[in-house]
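# An overview of the molecular structure
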Amino acid sequence: MDTSDSHEIVINETTPLVPANGSKKPKTPLPKLQIGILITLQLAEPIASTSIFPYINQLIRELGITGGDDAAVGYYAGIIDSLFFVGQALTVLKWARLSDRIGRKPVLVIGLLGTCISMLCFGLSTNFWSLVVSRCMCGFLNGDVVVMKTMMGELTDSTNMAEGFALIPIVWCIGSFVGPLMGGTLARPQDHWPELFSGSFWRNYPYFLPCGVAACLLILALVMTTIFLEETLSTKRRPKFTSTTVSVSSSPDRELLVKSSMANMPLRSLLTHSVVIPIANYAMLSFLDVSVKVLLPLFFSTPTYLGGLGFNSATIGLWMALFGITIGVFQAFFFARIIDWIGPKRLFSVSVWCYPPLVAMFPIMSWILRARGEVDYTITFALLFLICIEVIWDMGYGAILMFITASAPTNNVLGAINGLGQTSAAVARAIGPALATSLFAASKEYNLLGGHAVFFVLIVLSGGLRWLALQLADEVQDRDD
């Protein structure tokens, strides 16, 4: 080939990713049918995972695990909450890499089936170790979260990515509304509807009903996946691109030189700065977020003499449902617009700065309750303010997922990169509940910083996320070019 007529361009993370004429690309319409099916499937996951939150602390007390010590409930609740993420951290990267080879749908089917079986086992648990086994099973068999994010990345491009990824936290928020509401309402049905649930089965397994309903939703999602969802893996829908090097010729016939298989790249070669920094932010965000998420129902259920609010399961479910639906509605209407207005990095930075006041609201509510002597309208206003702060905090997820997706050099390794991100997040979420609830229990048991040491520690750790946010690129790179 005449070197005067052609030259070789190596694509790397410094290659400009803007149109040649500098103009903004027209926005691509979202593939509504497939994305609609995908978010419907995503809805089943948070419903199943959050439905246990309203009653898990009460279940631990009733099983006699703590020996009647209310202050120790947090230790065991944290262990159970963490076990799912321990199992996920050990296997999610394997599921992600497998989906890059055999397709997204088979991995989704396995994950939905595994979650369904584990939920039924959880509802039939009568001791601590059966709870442990069911939660571990759910984590080991669940690669759905990373595959769904990968599919969303494959169904969108740089022009509509904000709209697509805004749907992921929205769906989780809706699931976080339905799940706790369902769990709190359906737990111990023999107490609420004795004429319908008076048999010995419901006395022996008082928390099976919410688990059984969650399992039915997962079966419905499994059927939808099998029949309606289309495969999105690029190598099965388009000719396989196996090179990072493009040969550009001045003649009409331009060639793609096949040099290496992107799908089989070693993981180490993917760990560039543009990949590692978003993943590190995602992991720290997940750690801090899950710590608050597990502390919230624990704080709600802790007796007032220990500094909690003393809510019952139904009240916990209602408040957590309100948290979820408020966050979901706000993101549905405003997330994409805010991204277009200030950009993903600025939105992420604003979200990160909301964490200290978010955590500080816990000891403030405890102080208000001690001063007022009972739960009244001041606690209600404080909880509504807490929801407002968490609305802004939760928008950080959509922003950082845009950075992670855009960091993939090609869709053939998008599953692997999302797998790395989800593995890091799963490790963080495995550590977070155990650490946060143990610190909560120790703070109350030993009266550390007036029983609020856990909140001080979390505020200090949030400084690490603020530093990581500064390391992000100013703009999300355009991987379409």
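Residues numbered from 1 in each chain as written. Predicted model: local features only at pLDDT ≥ 70, side-chain atom pairs only at ≥ 80, totals over all residues. Heavy atoms only, no water.

Going by an unreviewed UniProt entry, the chain carries the name Major facilitator superfamily domain-containing protein and comes from Suillus plorans. Database annotation for the chain, UniProt heading Subcellular location (unreviewed entry): "Membrane". (UniProt positions renumbered as here; feature names shortened; annotations may be inferred.)

Our focus in this paragraph is the overall build of the chain. When its secondary structure is counted, the chain shows 19 helices and two strands. The long-range fraction of contacts in the chain, counting pairs at least 24 apart against all pairs at least 6 apart in sequence, stands at 81%. (Helix = DSSP H or I, 4+ residues; strand = E, 2+ residues; numbered from the N terminus. Contact = heavy atoms within 4.5 Å.)

Moving on, we come to the packing of aromatic side chains. The description of an aromatic ring pair rests on the distance of the ring centres and on the angle between the ring planes. Counted by the stated rule, this structure contains 18 aromatic pairs. Ring plane angle 90° and centroid distance 5.0 Å describe the contact between F197 and W202, whose orientation is recorded as edge-to-face. The exposure classification of F197 matches that of W202, with both residues buried. Seen in terms of ring centroids, F330 and F334 are 4.8 Å apart; in terms of plane orientation they differ by 40°. Their pairing is tilted. Of this pair, F330 and F334 both sit in helix α14 (residues 313-342), four residues apart, which is roughly one turn of the helix. With a relative accessible area of 29%, F330 lands in the partly exposed category. Among the aromatic residues, those joined into a ring-pair cluster are W193, F197, F201, W202, Y205 and F208. Positioned over the ring face of W353 is R466, at 4.7 Å from the centre of the ring. (Phe/Tyr/Trp six-rings, centres within 6.5 Å; stacked < 30°, edge-to-face > 60°. Buried < 20%, exposed > 50% of the residue type's maximum accessible area, 1.4 Å probe, protein only. Lys NZ or Arg CZ within 6 Å of the ring centre and 35° of its normal.)

Take empty space enclosed by the protein next. Throughout the structure, instances matching the rule amount to five cavities of 30 Å³ or more. Of the pockets and cavities examined, the largest cavity occupies roughly 830 Å³. Together, 39 residues line the largest cavity, and T50, W172, S176, D289 and K293 are the ones closest to its centre. Grouping the amino acids of the lining of the largest cavity by side-chain chemistry returns 22 nonpolar, eight polar and nine charged. (1 Å grid on protein atoms, 1.4 Å probe; cavity = no way out; pocket = protein on both sides within 12 Å on 5 of 7 lines; lining within 4 Å. Points joined across faces, edges and corners; volume = space filled by probe spheres on them. Nonpolar A, V, L, I, M, F, W, Y, C, P; charged D, E, K, R; others polar.)

This brings us to helix α10 (residues 208-228). Over its 21 residues, α10 runs 30 Å from end to end, which matches the ideal 30 Å to within 8%, given 1.5 Å per residue. Of the residues making up α10, those classed as buried are F208, L209, P210, C211, G212, A214, A215, L218, A221, L222, M224 and T225. Elements that come into contact with the buried residues of α10 comprise α1 (32-50), α2 (53-62), α4 (104-123), α7 (161-186), α8 (189-192) and α9 (200-204). (Expected span 1.5 Å × (residues − 1).)

A word on unusual backbone geometry. Even without being glycine, R188 reaches a positive phi, approximately 50°. Examined against the element boundaries, R188 turns out to sit in the loop between α7 and α8. Looking at R188, the relative accessible area reads 21%, which means it is partly exposed. Residue L449 is not a glycine yet carries a positive backbone phi of 50°.

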